[in-house]
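Fold and contact review
The lines below spell out each chain.
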Amino acid sequence: MPVPLPTLDRSATVLVAGSSGLVGSAVMRRLRAEGFTSAVGIRSSDVDLTDARATFGYLTSLRPAVVIDAAARVGGIAANDAEPVEFLDDNLRIQTNLFAAAHAADVDRLLFLGSSCIYPKHSPQPIPESALLTGPLEETNVAYAIAKIAGVVAVQSYRRQYGRRWISVMPTNVYGPGDNFHPTRSHVLPALVRRFHEAVRSGAEEVIVWGTGAPRREFIHADDLAAACLHLLAHYDDPSPVNIGVGEDLTIADLVVLVAEATGFAGRITWDASKPDGTPRKLLDVSRLLATGWKQRIGLAEGIRSTVRWYADASPTTDERPRGQ
Ligand code: GDP
């Protein structure tokens with residue numbers, strides 16, 4: 001088991017790269033709630049991390065003690081399929097520049113956020129960290145996954161060659177305030193929140209959902225993920241990545257019921273089986289995370305209710321919609 005680390009210094013400068021995204025903004029909220037007085041968030045409009053010179057200049061002048069890397073070009077299946085060059089190239093550049101600059105700035109603790117899509121398509125369920133690089137990836141997001149795998153290897157390499165106490169984490173499906181609620185290009189949970197909320201608002205009697213409802217997925221609230229990241233920075237120091245999930249999944253049909261309840265929708269639900277189901281099951285093995293003493297706080301039903309409230313408040317009556325990264 002990893003050796004417990006000294007508690008993170010609340011006055012240390014903590015840099016959050018990608019602070020406007022779903023995960024980065026949750027990390028910023030958590031840092032503030034935990035009393036970190038020198039948390040700095042940057043988004044791509046502040047510092048272009050694909051630009052090596054800009055990244056080096058910024059990091060070597062800020063000299064943070066801790067870096068949390070939540071910066072990435074992200075998107076759903078359609079975007080990944082249409083722009084594999086950008087998904088590979090931007091993510092590799094962001095990581096290479098940020099890690100090299102963090103090394104130059106002598107950053108002691110760095111946490112790299114990967115993704116559960118780095119695991120082979122036919123991994124055992126629940127997926128242990130040891131499944132990494134044991135088989136072919138899902139074809140539709142191979143460019144993104146390869147970039148993220150390169151990030152894991154880079155973190156391991158900085159550890160081995162330079163003794164850096166840097167770590168990688170692999171979150172399951174994340175949801176929460178600030179998510180991408182695009183009607184067709186978002187993931188299932190925000191898509192359902194929007195569709196059911198709009199149905200209630202317009203008085204529609206029917207909501208159409210995709211697939212058969214049979215696939216199983218696991219979801220973690222962004223605030224729980226943020227808490228797990230800070231917990232691991234304080235309690236984990238090992239080259240192997242750590243999965244971050246809740247250890248439980250549910251069918252899409254059960255998820256639909258939870259979202260319908262949270263929005264107050266009482267009409268008819270129709271399944272559009274012409275839409276793909278995707279992979280039958282995706283659940284992470286979280287025994288390594290749980291062994292560090294971390295516990296989930298936000299149950300799915302409660303997390304969905306608060307996300308629905310957030311969406312209802314943030315969603316204007318015009319065509320403009322809240323957008324996450
Ligand atoms: P995945 O986890 O990579 O497969 O990505 P998604 O979150 O997009 O889809 C998960 C499952 O939810 C699939 O079985 C979809 O068919 C199903 N689903 C049901 N309704 C929707 C919807 O409105 N949007 C999306 N994205 N998925 C939906």
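Before reading further, recall that the structure is shown in the block above.
Attention in this report is confined to the structure presented alongside it. (Residues numbered from 1 in each chain as written. Predicted model: local features only at pLDDT ≥ 70, side-chain atom pairs only at ≥ 80, totals over all residues. Heavy atoms only, no water.)

**Digging into unusual backbone geometry**
Look at the link from Gln125 to Pro126: it is a cis peptide, with omega at -10°. Mapped onto the secondary structure, Pro126 falls in the loop between strand S4 (109-113) and helix H5 (142-162). With a phi close to 45°, Arg63 is a non-glycine residue in the positive phi region. Mapping Arg63 onto the fold places it in the loop between helix H2 (52-62) and strand S3 (66-69). On the accessibility criterion, Arg63 (44% relative accessible area) is partly exposed. A positive phi angle, near 60°, is found at Asp106, a position not held by glycine. Looking at where Asp106 falls in the secondary structure, it is placed in the loop between helix H4 (84-104) and S4. (Helix = DSSP H or I, 4+ residues; strand = E, 2+ residues; numbered from the N terminus. Buried < 20%, exposed > 50% of the residue type's maximum accessible area, 1.4 Å probe, protein only.)

**Focus on the packing of aromatic side chains**
Aromatic rings in a pair are described by how distant their centres are and how their planes are angled relative to each other. Enumeration over the complete set of coordinates arrives at nine aromatic pairs. Measuring from ring centre to ring centre gives 6.0 Å for Tyr158 and Tyr162, while their planes differ by 35°; the resulting arrangement is tilted. In this pair, Tyr158 and Tyr162 are both assigned in helix H5, four residues apart and thus about one turn of the helix distant. Of the residues examined, Tyr158 reaches a relative accessible area of 17% and is grouped as buried. A relative accessible area of 45% places Tyr162 in the partly exposed class. Where Tyr158 meets Trp166, the ring centres are 4.8 Å apart and the plane angle is 35°; that geometry is what we call tilted. Both residues of the pair, Tyr158 and Trp166, count as buried. Here the aromatic residues Phe99, Phe112, Tyr158, Tyr162 and Trp166 are joined through ring pairs into a cluster of three or more. Lying across the ring of Phe87, Arg73 places its NZ or CZ 5.9 Å from the centre. (Phe/Tyr/Trp six-rings, centres within 6.5 Å; stacked < 30°, edge-to-face > 60°. Lys NZ or Arg CZ within 6 Å of the ring centre and 35° of its normal.)

**Description of the environment of Thr7**
If you trace the backbone, Thr7 turns up in the segment before strand S1 (14-17). According to the relative accessible area criterion, Thr7 is exposed, its value standing at 64%. Thr7 sits 297 residues away from Ile304 along the chain, and the two C-alpha atoms are 32 Å apart.

**Details of the site of the ligand**
In the vicinity of the ligand, the residues found are Ser186, His187, Val188, Ala191, Arg195, Trp210, Pro215, Arg217, Ile252, Pro276, Asp277 and Lys282. The side chain of Arg217 places a nitrogen or oxygen atom 2.7 Å from an oxygen atom of the ligand. Between the ligand and Pro276 there is a distance of 2.7 Å, counted from an oxygen atom to a backbone nitrogen or oxygen. Considered on its own, the ligand offers 540 Å² of accessible surface; in the complex 86% of this is hidden by protein. Among the elements that take part in the shell around the ligand, helix H6 (residues 188-202) stands out by supplying three residues, more than any other. A per-class count over the shell around the ligand returns six nonpolar, two polar and four charged. (Near = heavy atom within 4 Å. Polar contact = N/O pair within 3.5 Å; in protein donor to acceptor, adjacent residues only side chain to side chain. Areas by Shrake-Rupley, 256 points an atom, 1.4 Å probe, with all protein chains shown as cover. Nonpolar A, V, L, I, M, F, W, Y, C, P; charged D, E, K, R; others polar.)

So yeah, pure geometry; function would need other evidence.
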